[in-house]
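Chain by chain, the residues run as shown.
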Amino acid sequence: MHELSIALSILEIAEEESEQRGNIPVEAIYLKMGDLSGVVKEALLSAFELAAEQSAFPHCRLVVEEIPASRDLQVSALELAQ
Amino acid sequence: MSSTPRIVEVRQNVFKRNDEIARALRQRFRDSGIFVASLVSSPGAGKTAFLEKTLTLLRRRHRPAALVGDLATENDAARLARSQAPVKQITTGTLCHLEAAMVERALEDWNLSDFDVLFIENVGNLVCPASYDLGEDLRLVLLSVTEGEDKPLKYPTIFNSADVAVITKIDLAEAVEFDRVAAERNIQAVRPGMHVIETSAKTGAGFDQWLDFLTTTARLD
């Protein structure tokens, strides 16, 4: 179960990006997830929910797009509050 | 109204931090002239027995060392220490895999130039370790004959992330009716061209071939 540490890394990226933009709250994080990334989507979504509660963006959503034949795991975009 | 776009593109790799540390480690290993091989497998596939035998045989001509990851206990480090090679246990607590930062921390009080080859035994797990680069030059995935020939098909990601497949406990092959043709076919199906070595830490079978491969790949002489 490494999904929790992955969820924390995802939130960390969002927090850094938000900080660079004057701490605008992040409403959603868009993730591109390769099917060979070794990550289980359902496990990641529930881990993310737990991790988000403790983060700067407790109501932030995670939107996962699955990419076939890829090992990538990439935060592709953020949805900001304004 | 603010002109800030509502959706901003980011394109950040989630494993970025781990990858950065792994890259720095790889550079350090290269600068110190040390070759690093990591081992992954399911629990009980025989990583520790394989490594103990490898360390014992390598010690005759080389200066190997090992890091070994487990959730709890120092048992594996104690076993590996019988080889007389320097060994350090990394206990991960509840974490199912090693990360580059743990390797970096474990190496803090070691002088890398004292060694020419370092082994990193990952936590027994065929899922999570696949995502984490540890800065190693070579990743071995171990598969014991008692596990079933279809392991590569069930865990393609970890086999795909590895460079060499080591089939362990080959001395038990007949007893468990291990089908080496099927195993080889399944390995090649998920990682075409993968080098496969059959070994037994108990009888020593295959260790000549493995150590030849290692010393050639690592350019140890």
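A brief structural summary. Not measured: the values here are computed from a predicted model.

Turning to the interface of chain A and chain B, a few remarks are in order. Contact residues are listed per partner, giving 22 residues for chain A and 21 residues for chain B. For the side of chain A that touches chain B, the secondary-structure elements that each account for two or more residues are α1 (3-20) and β3 (73-80) of chain A. Examining the composition of the side of chain A that touches chain B, we find that eight residues originate from one element, β3(A), more than from any other. The residue makeup of the side of chain A that touches chain B, split by class, is twelve nonpolar, seven polar and three charged.

Pairing is mixed across the open sheet formed by four strands, whose spatial order is β2(A)-β1(A)-β3(A)-β1(B). The outermost strands of the open sheet, each flanked by one partner alone, are β2 (61-67) of chain A together with β1 (7-13) of chain B. Shown here is a sheet whose adjacent strand axes are inclined to one another by a mean of 20°, direction ignored. As judged from the seven bridges shared by strand β1 (residues 26-34) of chain A and β2(A), these two strands associate in the parallel manner. By the bridge assignment, Ala28(A) is partnered in β2(A) with Arg61(A).

Grouped together as the largest cluster of nonpolar side chains are 55 residues, with contacts concentrated most on Ala66(B), Val141(B) and Ala165(B). Tallying contributions element by element places strand β2 (residues 35-40) of chain B first for this core, with five residues. Setting aside anything within four residues of it in sequence, one finds Ala165(B) in contact with Val141(B), Leu143(B), Phe159(B), Ile187(B), Met194(B) and Val196(B). Listed in part, the 24 residues of the second largest apolar core include Val26(A), Phe48(A), Ala52(A) and Cys60(A).

Glancing now at the environment of Arg60(B). Looking at the secondary structure, you find Arg60(B) in the loop between α2 (47-58) and β3 (64-70). Along the sequence, Arg60(B) and Ile158(B) sit 98 residues apart, while their C-alpha atoms lie 32 Å from each other.

About the cut-offs
Residues numbered from 1 in each chain as written. Chains lettered and ligands numbered in written order. Predicted model: local features only at pLDDT ≥ 70, side-chain atom pairs only at ≥ 80, totals over all residues. Contact = placed C-beta atoms within 7 Å. Helix = DSSP H or I, 4+ residues; strand = E, 2+ residues; numbered from the N terminus. Nonpolar A, V, L, I, M, F, W, Y, C, P; charged D, E, K, R; others polar. Pairing = 2+ DSSP bridges. Axes fitted to C-alpha atoms, helices over the stretch in contact; angles between N-to-C directions. Core = buried A, V, L, I, M, F, W, Y, C linked by C-beta atoms within 7 Å. Buried ≥ 20, exposed ≤ 12 C-beta atoms within 10 Å, placed from the backbone.

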